[in-house]
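# Observations on the three-dimensional arrangement
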Amino acid sequence: MKIRPLLRLCWFLGGLFLLGLSSVSAELMVDITQGGDGAMPIAVLPFSASGVSSGSLSQVIASDLEGSGKFTVMPASRFPEHPLMPTPPDFPLWQQQGQEHVVIGRVLQGSRGDTLQAEFVLYDVIQGREVLSERVPFKVNEIRHVGHRIADLIYKALTGERGVFNTRVAYVSASGYGDDREYRLLVADSDGEDPRVVMTSPEPIMSPTWSPDGKKMAYVSFEDHAAAIFVQNLGSGERQKVSSHSGINGAPSWSPDGSQLAMTLSKDGSPDIYILQVISGSLRRVTQDDSIETEANWSPDGHSLVLTSDRGGKPQLYLVSAQGGEPRRLTYEGSYNARGVFSPDGRKIAMVHGGDGGYRIGLMDAEGGDIKLLTAGRLDESPAFSPNGQFILYSRKDGGHDQLAMVSIDGKVKQNLKIKGGDVRGASWSP
Amino acid sequence: MFAAHLGRPELTSEEGMMMQMFKSVLSVLMMLLVLGCSSKGGVNEEGEGGDEAAANREGGRGAKTGQYGYGRGRSGMGGAAGPGSPASQRVIYFEYDRDDVLPEYQSVVTGNAEYLSSHPEATAVLQGHADERGSSEYNIALGERRAMSVARSMRLQGVADRQLQIVSYGEEKPATSGHDESTWQRNRRVEITYPGR
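Structure report, in brief. (Residues numbered from 1 in each chain as written. Chains lettered and ligands numbered in written order. Predicted model: local features only at pLDDT ≥ 70, side-chain atom pairs only at ≥ 80, totals over all residues. Heavy atoms only, no water.)

### Brief notes about the overall build of chain A
Looking only at helices and strands, one finds 4 helices and 32 strands in chain A. Here chain A holds 431 residues, and the buried ones make up 56% of them. When contacts within chain A are restricted to residue pairs at least 6 apart in sequence, long-range pairs at least 24 apart make up 42% of them. (Helix = DSSP H or I, 4+ residues; strand = E, 2+ residues; numbered from the N terminus. Buried < 20%, exposed > 50% of the residue type's maximum accessible area, 1.4 Å probe, protein only. Contact = heavy atoms within 4.5 Å.)

Take a look at the structure:
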């Protein structure tokens, strides 16, 4: 019994060590190319631990808030004072510095040996009051995640929208050329940190997509020298080949309830949309045409699918009932509109819009109409909405390589995610 | 989290040799393509339309010259032709968003079709590819369409359906890296491969 307090101290010190270390393992650099208008000024003070301040947790929070484009984070070098929790800030002092909000926090030992507790207060320094006060328990190895969770809480309190800093993204990275080319399916935090390999293969991997419960991933793999769709449980690693017909097995999209996968198969001639019941394995055909029908994406209400079809001569977006029937054309602007994806509220559709000079990410109302271009790259593709609908993740060319980037749906905030290791594409955002 | 590692099959020495031959022919082709395109004014970034089609044709002729000038033709090979011979020409290039086999590549299709029809036990994989522009899953569909176009032409020349397998890799396996028209042109292709030979 005597050993217990010692053990707790070890965990605690280990945690402090990690606070300092976490930034070293960074594989990705967020590079904000364009900020938004009217960003709110905020200062995030270093979190204290046993009276000693530790900066890394506050750096995660600050970097998340800054990256959202909705906040301007005050540089630590300009802090007029360094109050330690539970001392509140000197409100007029921060006001004079042009600040609206200040975050002060600390890290304490948790109730169990291997847990810590982050505690923080968000102050409104203009009104001189507390906006939010929370305690977040966490395990020692979850230090970055607790930073993202605190950033989410602050974001929600000040913008009214759900924060997505504590979510994850999946993507495919390809490196090497010819026989040395290797494809990897990875999952990382939404800021690109902490990448973990889900699978590797010498043959292409494509189109990863999270199940609505966030526990599974569907993707296309050519590991058998032909296209097949797999569903992999991210916790156990167990995976199942769910579709391997002759020809194309591609573009999987989960139904909102997670029971069905829409997909593209060309087993009956040309590529068409089919719906697979994941448990029973029963397959139902949705479109039937000699042209290309592919890239189905479910509307959040589960009633319909947006898809790409070249039945009119050029690729355009169409809407079809999940029950089948005649697809209705949605896009008329430009000669290339593909890979349509619904926003989480179902009111918008993002797509790849090709026109003069390049392929860009466009956004329009789900009913069709004008396409607003959000990006200005030459070769932008694979749009994927953040779960709060505020951002679109996509891939772009950067110095000859594919890289991921994010753009806010008003087009005002852009971020490049620089991930090491060759071409990075086909991203999907976790729920 | 789980990580699955998949093995890479070994290349046989014959395949290795074929690859060497293919690469040397291809490098000559590439040089000529680059020359052909640069005379037209280099990169064309237009998405679609007449100008680009013209630029492609120009490049296509460059390729044609390369093939016929340096080609390992089928002359006199007759029945002795194995995948080693017609098949030093195993790549067919396509125009943007098109799947029709251009006249200058018809001989590549015919050479391989003749080999297959005279060797009914042989099988070929037609790998369809697209350039990197646009959406990756739509490009899978374009690559398949190109491979099917080649398959159709081969069947008309007596190749049995069961001898042909089609796989589309879309933009996932570029033959060459780069982001300009001459690169894209070398990536819009169907490669004919003979597994197990």
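### Describing the overall build of chain B
Counting its secondary structure elements, chain B contains 5 helices and 4 strands. Along chain B, helices and strands appear, N-terminal first, in the series α-α-β-α-β-α-β-α-β. Burial statistics for chain B: of 197 residues in total, 52% are counted as buried. In chain B, the proportion of contacts linking residues at least 24 apart, taken out of those at least 6 apart, comes to 76%.

### Considering the interface of chain A and chain B
Each side of the interface is counted separately: chain A has 59 residues, and chain B has 39 residues. A buried area of about 4200 Å², summed over both sides, lies between chain A and chain B, and 52% of it is on carbon and sulfur atoms. Residues Arg425 of chain A and Glu171 of chain B are paired through a salt bridge, measuring 2.6 Å at the closest nitrogen-oxygen approach. Joining chain A to chain B, the criterion identifies 16 residue pairs in polar contact (both at pLDDT 80 or more). Mapped onto the side of chain A that touches chain B, the elements with two or more residues apiece are β11 (196–201), β12 (205–210), β16 (249–254), β20 (293–298) and β24 (336–342) of chain A. Looking at the side of chain A that touches chain B residue by residue, the class counts come to 23 nonpolar, 19 polar and 17 charged. (Buried area = accessible area lost by both parts, 1.4 Å probe. Salt bridge = Lys/Arg side-chain N within 4 Å of Asp/Glu carboxyl O. Polar contact = N/O pair within 3.5 Å; in protein donor to acceptor, adjacent residues only side chain to side chain. Nonpolar A, V, L, I, M, F, W, Y, C, P; charged D, E, K, R; others polar.)

### Focus on the sheet that holds strand β18 (residues 272–277) of chain A
Hydrogen bonds between backbone atoms are what pair the strands of a sheet, whose relative direction is either parallel or antiparallel. All names here are of chain A. Strand order in the open sheet made by the 4 strands is β16-β17-β18-β19, with antiparallel pairing throughout. In this open sheet, the two edge strands, each paired with only one partner strand, are β16 and β19 (283–285). For this sheet, the mean inter-axis angle between neighbouring strands, taken without regard to orientation, is 30°. For β16 and strand β17 (residues 260–265), the ladder comprises 4 bridges, and the chain directions are antiparallel. The partner of Asn249 across the bridge, within β17, is Leu265. (Pairing = 2+ DSSP bridges. Axes fitted to C-alpha atoms, helices over the stretch in contact; angles between N-to-C directions.)

### Thoughts on the nonpolar core
By size, the foremost hydrophobic cluster in this structure holds 31 residues, and its most contacted members are Phe222, Leu261, Met263 and Tyr336 of chain A. If you list the elements that add at least two residues to this core, you get β13 (216–221), β14 (228–233), β17, β18 and β24 of chain A together with α4 (136–156) and β3 (164–170) of chain B. In terms of residue count, α4 of chain B provides more of this core than any other element does, 4 residues in total. Among all residues touching Phe222 of chain A, those that are not within four sequence positions of it are Glu203, Pro204, Met206 and Ala227 of chain A together with Ile140, Val167, Ser168 and Tyr169 of chain B. Leu57, Ile61, Val136 and Val146 of chain A belong to the second largest nonpolar core, which has 29 residues in total. (Core = buried A, V, L, I, M, F, W, Y, C linked by side-chain atoms within 4.5 Å.)

### Considering the side chain of Ser149 of chain B
Considering the arrangement of structural elements, one finds Ser149 of chain B in helix α4. For Ser149 of chain B, a relative accessible area of 8% translates into the label buried.

### A look at the pairing of strand β22 (residues 316–321) of chain A
Residue and element names in this part refer to chain A. A large share of β22 lies buried, amounting to 5 of its 6 residues. Across 6 bridges, the pairing between strand β21 (residues 304–309) and β22 is antiparallel. Residue pairing across strands places Val306 opposite Leu319, the latter belonging to β22. Turn length for the β21-β22 hairpin, with the two strands adjacent in sequence and antiparallel, is 6 residues, and the turn residue Gly313 shows positive phi of about 110°. Pairing geometry for β22 and strand β23 (residues 324–329), over 3 bridges, is antiparallel. Each residue of the ladder has a partner; that of Leu319, found in β23, is Arg328. Counted along the chain from β22 to the antiparallel partner β23, the turn is 2 residues long.

### Focus: the pattern of salt bridges
Residue and element names in this part refer to chain A. Taken as a whole, this structure holds 31 salt bridges over all chains when the rule is applied. Arg106 is the salt-bridge partner of Glu119, the closest N and O atoms lying 2.9 Å from each other. Separated by 13 residues along the polypeptide, Glu119 in strand β7 (residues 115–124) and Arg106 in strand β6 (residues 101–109) bring together distant segments of the chain. Take Glu119: its relative accessible area is 7%, and that puts it in the buried class. Bridged by salt links that share partners, the residues Lys267, Asp268, Asp272 and Arg285 form one connected network.

### Brief notes about unusual backbone geometry
The residue after Met85 of chain A, namely Pro86 of chain A, is reached through a cis peptide bond having omega 15°. The residue Pro86 of chain A is located in the loop between β5 (71–73) and α3 (91–96) in this model. Of note in the backbone geometry, Glu295 of chain A takes a positive phi value of approximately 60° without being a glycine. With a phi angle near 60°, Asp97 of chain B is a residue other than glycine that sits in the positive phi range. The residue Asp97 of chain B is located in the loop between β1 (91–93) and α3 (106–118) in this model.

Shape is all these values report; function is a separate question.
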